[in-house]
Amino acid sequence: MKLIYIDPPYNTGNDGFKYNDKFNHSSWLVFMKNRLEVAKELLNDDGVIFVQIDDNEQAYLKVLMDEIFGRENFIGTIPRLTSAQRPSQEKYFSISHDYLICYAFNKNYTFNAIIERDFSQEIFQDEIGKFFKNDTSPILASATQGYSKGGDYDIEVNGKIYQPVDSKGNRRRWLWTKERMEKAIELGIVVETKTTLRVRNYIDKEFAVKTNTMIDKNPNLSMTTYDLMNSNYVNNIGTSELTKLEINGFSFPKPEKLIKRIIELTTKPNDIILDYHLGSGTTAAVAHKMNRQYIGIEQMDYIETLAVERLKKVIDGEQGGISKAVNWQGGGEFVYAELAPFNETAKQQILACEDSDDIKTLFNELCERYFLKYNVSVNEFSQIIEEPEFQSLPLDEQKQMVLEILDLNQMYVSLSEMDDEQFSACLNDDDKALSREFYQSAKNQAEKKDGE
């Protein structure tokens, strides 16, 4: 995957993580950890991941992602405005932002330059290229950038000697080697101030690190960490986009323009994007309109009424969201498939039981048809469900005890076992053919990548 974007539960107490308070936070972290570890395996060597989160878990998620992706591969944390209106006063602060945490698989990564520069101010030009007046960057290291002997030298410019000394007289270092500094002076891109040296920033040229030469560059910018603190990216725009599509029933959908910004920043046409918390389907809808391949995963039943219906409307050429910005005219296709349930079916049957008699009747089928945990004694459990103590438990507790005997590793049918006779009622021949085609295609792409 070139890009993974997810908008997981924020663990606010109102988003589905309604566990015992003592375990709520740790359960959420395990939930995230298990999925992020798999996400890293799916990410390209030149890929990035963005995770949307708010203050409830942002700090802990950052530490978790440091562990999984490597602290050295942290790109940045970007705040996003969630509401353009001043919210009602809360007990402490009124919270009107959340965050995007970004990591690269490998920090040697460059974002696409997508933001057009403001050329309203006067532009100057010399023999090298175009620049804005007084647009320069420091060459002298700050106190926090540390010291290195290779950057500690005096240098002459136009007959004046400059030392790596700050305004308070503290000895620092230059950010460049002496060789690079001398080449910059020779090119004429070093600017003298009263006390130190700076380098001129050019709109269309850059001072290449490896060659110490001036090379062409895209005059556009990538983005700043403040760019999303803008009313174009607030939640109610996403809600309005769904309403216009006559799709309801999802809280805090992200606006298409937000996902567009992330996609154009990190990918090119035909790159593959993954969102395994698909929700209302914004990522898939925007990826489709922008000619990217995409995989969306959602475990909640509303995928059929939200994401699937939304993508049908995208194919029909709906003109909401970013459609006009990218000249979307409709077309294309997508495949919608569900995991073939096995023990998951047993789970739903248990939850549907209306009394103890239903549970006792179902128990025999569970033992004969489904996978139970290896340490479950069927004889002992069959006796337990007949005892008065079990019968007197609330129905939900009875169900929970029966659920505990199911093998959670067999909730769905795996590719390697789908031809087993035991699963014959779960998949027909068309299902099996589609599964083989899907996974073989993924295998071929992986082998192609390894061979490049």
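These numbers come from a predicted model, not from an experiment. (Residues numbered from 1 in each chain as written. Predicted model: local features only at pLDDT ≥ 70, side-chain atom pairs only at ≥ 80, totals over all residues. Heavy atoms only, no water.)

(A) Structural detail: the sheet that holds strand E11 (residues 197-200). One open sheet holds the three strands; their spatial order is E7-E11-E10, and the pairing between them is antiparallel. Among the strands making up the open sheet, the edge pair consists of strand E7 (136-138) and strand E10 (190-192). Strand-to-strand, the axes of this sheet are offset by a mean angle of 45 degrees, without reference to chain direction. Taken together, the three bridges between E10 and E11 define a ladder with antiparallel strand orientation. Note that in E11 the partner of Val 191 across the bridge is Arg 198. (Pairing = 2+ DSSP bridges. Helix = DSSP H or I, 4+ residues; strand = E, 2+ residues; numbered from the N terminus. Axes fitted to C-alpha atoms, helices over the stretch in contact; angles between N-to-C directions.)

(B) Structural view of the pattern of salt bridges. This model, assessed by the stated rule, comprises 22 salt bridges. Across the pair Asp 66 and Lys 62 runs a salt bridge, and its minimum N-O distance is 2.9 Å. Residue Asp 66 and its partner Lys 62 are both found in helix H2 (residues 58-69); the two are separated by four residues, about one turn of the helix. Judged by its relative accessible area of 15%, Asp 66 falls in the buried class. A salt bridge links Lys 183 to Glu 186, with the nearest nitrogen and oxygen atoms 3.4 Å apart. A residue pair is termed a helical-turn pair when its members lie 3 or 4 positions apart in one helix, as Lys 183 and Glu 186 do in helix H3 (residues 178-187) at three residues. Salt bridges linked by common partners bring Glu 256, Lys 289, Arg 310 and Glu 318 together as one network. (Salt bridge = Lys/Arg side-chain N within 4 Å of Asp/Glu carboxyl O. Buried < 20%, exposed > 50% of the residue type's maximum accessible area, 1.4 Å probe, protein only.)

(C) Layout of unusual backbone geometry. The backbone phi angle of Phe 252 is positive, close to 55 degrees, even though this residue is not glycine. The topology assignment puts Phe 252 in the loop between helix H4 (235-244) and helix H5 (256-266). Judged by its relative accessible area of 57%, Phe 252 is exposed. At Asn 291, a residue that is not glycine, the phi angle is positive and equals roughly 60 degrees. Secondary-structure assignment places Asn 291 in the loop between helix H6 (282-289) and strand E15 (293-296).

(D) Just the confidence of the model for the protein chain, in detail. With 94% of its residues at a pLDDT of 70 or more, the protein chain has an overall mean of 90. Least confident of the elements in the protein chain is helix H13 (residues 429-451), whose mean pLDDT is 77; most confident is strand E1 (residues 3-6), at 98. Contacts of residues 18-22 to residues separated by more than four positions or lying in other chains number three contacts, the stretch itself having pLDDT below 50. (pLDDT = per-residue confidence, 0-100. Contact = heavy atoms within 4.5 Å.)

(E) Local environment of the sheet that holds E15. What the six strands build is an open sheet, ordered E3-E4-E2-E1-E14-E15; its pairing is mixed. Each of the sheet's edge strands pairs with one partner strand only, and the pair in question is strand E3 (74-81) and E15. Here the average twist between neighbouring strands, direction ignored, is 15 degrees. Where strand E14 (residues 272-275) lies against E15, four bridges are found, and the strand directions are parallel. Looking at E15, one finds that Asp 275 is bridged to Gly 296. Across the sheet, H2 lies against strand E2 (48-53), E3 and strand E4 (97-104), angled at about 5 degrees from E4, the strand it touches most.

(F) Local environment of the packing of aromatic side chains. All told, the structure shown has 13 aromatic pairs when counted by the stated rule. Here Trp 176 and Phe 207 contribute two aromatic rings whose centre-to-centre distance is 5.4 Å and whose plane-to-plane angle is 65 degrees, an arrangement assigned as edge-to-face. Residue Trp 176 is found in the loop between strand E9 (160-162) and H3, and its partner Phe 207 is found in strand E12 (residues 205-207); the two are separated by 31 residues along the sequence. Side by side, Trp 176 and Phe 207 carry an identical accessibility label, which is buried. Pairing Phe 438 with Tyr 439 gives two aromatic rings, centres 5.2 Å apart and planes at 90 degrees, and the pair type is edge-to-face. On the basis of relative accessible area, Phe 438 is assigned to the partly exposed category, the value being 48%. The partly exposed category is assigned to Tyr 439, whose relative accessible area is 43%. Members of the aromatic cluster, joined through ring pairs, are Phe 342, Tyr 370, Phe 371 and Phe 423. Positioned above the aromatic ring of Phe 74, the side-chain terminus of Lys 62 is 4.2 Å from the ring centre. (Phe/Tyr/Trp six-rings, centres within 6.5 Å; stacked < 30°, edge-to-face > 60°. Lys NZ or Arg CZ within 6 Å of the ring centre and 35° of its normal.)

(G) Structural view of the environment of Asn 134. On the secondary structure map, Asn 134 appears in the loop between strand E6 (130-132) and E7. Once the C-alpha coordinates of Asn 134 and Asn 201 are considered, the two residues, 67 residues apart in sequence, prove to be 8.8 Å apart.

(H) Main features of the environment of Ile 53. Among the secondary structure elements, Ile 53 is positioned in strand E2. Separated by 221 residues in the primary sequence, Ile 53 and Leu 274 have C-alpha atoms spaced 17 Å apart.

(I) Structural context of the side chain of Arg 80. In this fold, Arg 80 is placed in strand E3. At 2.7 Å, the side chain of Arg 80 forms a polar contact with the backbone oxygen of Tyr 233. Leave out the neighbours within four places in its chain, and Arg 80 touches Gln 52, Ser 96, His 97, Asp 98, Leu 228, Met 229, Tyr 233, Val 234, Asn 235, Lys 254, Pro 255 and Leu 258. (Polar contact = N/O pair within 3.5 Å; in protein donor to acceptor, adjacent residues only side chain to side chain.)

(J) Spatial organisation of the packing of H6 against helix H7 (residues 307-315). Where H6 meets H7, the axes come as close as 9 Å, and the angle between the chain directions of the two elements is 20 degrees. The angle between the axes of H6 and H7 places the two elements in the roughly parallel class. In this structure, H6 crosses over H7, and the sense of that crossing is right-handed. Across the interface between the two elements, Thr 282, Ala 284, Ala 285, His 288 and Lys 289 from H6 touch Arg 310, Leu 311, Val 314 and Ile 315 from H7. Split by residue class, the contact of H6 with H7 holds five nonpolar, two polar and two charged. (Parallel < 35°, antiparallel > 145°, perpendicular 65-115°, else oblique. Left-handed = near helix turned anticlockwise from the far one by under 90°. Nonpolar A, V, L, I, M, F, W, Y, C, P; charged D, E, K, R; others polar.)

(K) Region of the structure containing H7. Every buried residue of H7 is listed here: Ala 307, Val 308, Arg 310, Leu 311 and Val 314. Looking straight down H7, one finds that the buried residues subtend no more than 160 degrees of arc, so they occupy a single side. The inward-facing, buried residues of H7 abut H4, H5, H6 and E15. Taken from the residues just after H7, Gly 317 is the one with a positive phi, measuring 95 degrees. (Arc of directions from axis to C-beta.)

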